[in-house]
Amino acid sequence: MSVSGQTRPCFEIKNLDSRITKWDSMEDEKQVPTDVAYWHDIYRVTDDLLRPGISVDESQRMYDQWAKMGTYDALAVESKYYTAHDQIILGILSMYPVRRDIRILDVGAGTGLVGERLRNLGFERVDALDPSAEMLRSAAKKGVYERLIHSFFTNDPIKDVDEDTYDAIVMCGVCGPGAVPVEAFEEAVRIVKPGGHIFVCMRAENLEICSEYNGRWQPFVTRLQQEGKWRLVSECKYPQHYFHFDGLRLIYQVTKNERNI
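Just so we're clear, the structure is a prediction, and the values are computed from it rather than from any experiment. (Residues numbered from 1 in each chain as written. Predicted model: local features only at pLDDT ≥ 70, side-chain atom pairs only at ≥ 80, totals over all residues. Heavy atoms only, no water.)

**Student:** Could you clarify how one ought to interpret the pattern of salt bridges in this entry?
**Tutor:** Should the charged atoms of two oppositely charged side chains come close, the side chains can pair. Summed over the entire model, instances satisfying the criterion amount to 13 salt bridges. Residue Glu186 is joined to Arg223 by a salt bridge in which the shortest nitrogen-to-oxygen separation is 2.8 Å. With Glu186 in helix α7 (residues 184–191) and Arg223 in helix α9 (residues 217–226), this residue pair connects regions lying 37 residues apart in the sequence. Overall, the relative accessible area of 30% leaves Arg223 in the partly exposed class. With its nearest N and O atoms 2.4 Å apart, the salt bridge here joins Arg203 to Glu205. Residue classification places Glu205 among the partly exposed residues on the basis of a relative accessible area of 28%. Through salt bridges with shared partners, a single network forms among Glu186, Arg223, Glu227 and Lys229. (Salt bridge = Lys/Arg side-chain N within 4 Å of Asp/Glu carboxyl O. Helix = DSSP H or I, 4+ residues; strand = E, 2+ residues; numbered from the N terminus. Buried < 20%, exposed > 50% of the residue type's maximum accessible area, 1.4 Å probe, protein only.)

In C-alpha cells form, the structure reads like this:
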C-alpha cells in the first residue's frame, strides 16, 4: 500500500557514512552468527512479536525478555538483515544535512541503536522513549541520550513533555502489531514544533496486515493533512527492512499554526 500513490525507492544504503554502519567492512556473511540455537531464539522472539493480534502489554514483556537475552543489537548491527535504522538516518540527513543542534525524540528507542547513530553524526540533543524498562536500561549504557522516558506512545500527552518541544521525532520499527497506535500521531504533532519533522520507518505491509493500521492509517493521515497539522514530504520503499520484508519510509513536516505565523 502507498500513502501518496507515488512511492519511490529510497536512497541506497551502501554509501552511508561508515561511522553509522559496519556493513561496508563486512565480507558477505563472515560476521553473521551461525549458531543454530542463536538464530532459533531470534526467529522465535521476532515471529511472536510480529504476530497479528498481539497485545501491547504482551509485546512489551517480550521486548523486556529480548533485552535480557542480549541479542537485539546483534541482529540489527552484526547482520545485514535489518536496514530500518540506517534508512531513518538517511531520512534525517535529507532534512538536516548541516544542522546538528536540533532536539530529537527517539520513539521506541529500544537499546539505543538509532541514538547511537545520531550521536556519531553529531546530533547530541536526543531523548529516548520506550515502554520497555529493560530496553531503556540497555540504551542508558550507551550514553547517547539526554533523557530516558519510560512510557508508551499513545494519543495521551507524555508526562512532562510540553507542546512544541522537539524539532523532530524518529519512529523506527514501532508501527506494527501491539505497538504504536495510529492515534499516537496526534501526540507526535503536538510535541513537534511547527516546521519540524516526523520520520517513520515501518514494514511496508503493516499498513495492510495489521488491524491497527489497515483501513485506518490513510483516513487518519489525510485528516491531519486536511486540518493543516502536517504534510507528507517524502515516501519511499527500501529492501530488507527486516529480512526479506520491504520497508516504507515516511517523512512528514508539522504545519500546525502556519496560518498564524
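Structure's up, so let's keep going.
**Student:** Even after reading the chapter, I still don't get the nonpolar core, so can you show me in this structure?
**Tutor:** The tendency in soluble globular proteins is for nonpolar side chains to be buried side by side. Grouped together as the largest cluster of nonpolar side chains are 36 residues, with contacts concentrated most on Leu105, Phe153, Ile169, Met171, Phe185, Ile198 and Trp217. Of all elements in the fold, only β2 (104–107), β5 (166–172), α7, β6 (192–203), α9 and β8 (245–254) reach the threshold of two or more residues within this core. Residue contributions to this core peak at five residues, all from α7. With residues up to four places along the chain from it excluded, the contact list for Phe153 reads Val107, Leu129, Ile158, Ile169, Met171, Val180, Pro181, Ala184, Glu187, Ala188 and Ile191. (Core = buried A, V, L, I, M, F, W, Y, C linked by side-chain atoms within 4.5 Å. Contact = heavy atoms within 4.5 Å.)

**Student:** Teacher, can you tell me more about the packing of aromatic side chains here?
**Tutor:** For any two aromatic rings, the description comes down to two numbers: the centre-to-centre distance and the angle of the planes. Scanning all chains against the criterion turns up five aromatic pairs. Ring plane angle 45° and centroid distance 5.9 Å describe the contact between Tyr213 and Trp217, whose orientation is recorded as tilted. Cluster of aromatic residues (ring-pair linked, three or more members): Phe185, Tyr213, Trp217, Trp230 and Tyr252. (Phe/Tyr/Trp six-rings, centres within 6.5 Å; stacked < 30°, edge-to-face > 60°.)

**Student:** Where do I start with the packing of helix α4 (residues 84–95) against helix α5 (residues 113–120) in this structure?
**Tutor:** How two helices pack is summed up by the angle between their axes together with the distance between the axes. Running from N to C, α4 and α5 point in directions that differ by 40°, and their axes come no closer than 10 Å. Taken together, the axis directions place α4 and α5 in an arrangement best described as oblique. Crossing of α4 over α5 shows right-handed handedness. On α5, the residues that touch His85, Asp86, Ile88, Ile89 and Ile92 of α4 are Leu113, Val114, Arg117 and Leu118. Grouping the constituent residues of the contact of α4 with α5 by class yields six nonpolar, one polar and two charged. (Axes fitted to C-alpha atoms, helices over the stretch in contact; angles between N-to-C directions. Parallel < 35°, antiparallel > 145°, perpendicular 65-115°, else oblique. Left-handed = near helix turned anticlockwise from the far one by under 90°. Nonpolar A, V, L, I, M, F, W, Y, C, P; charged D, E, K, R; others polar.)

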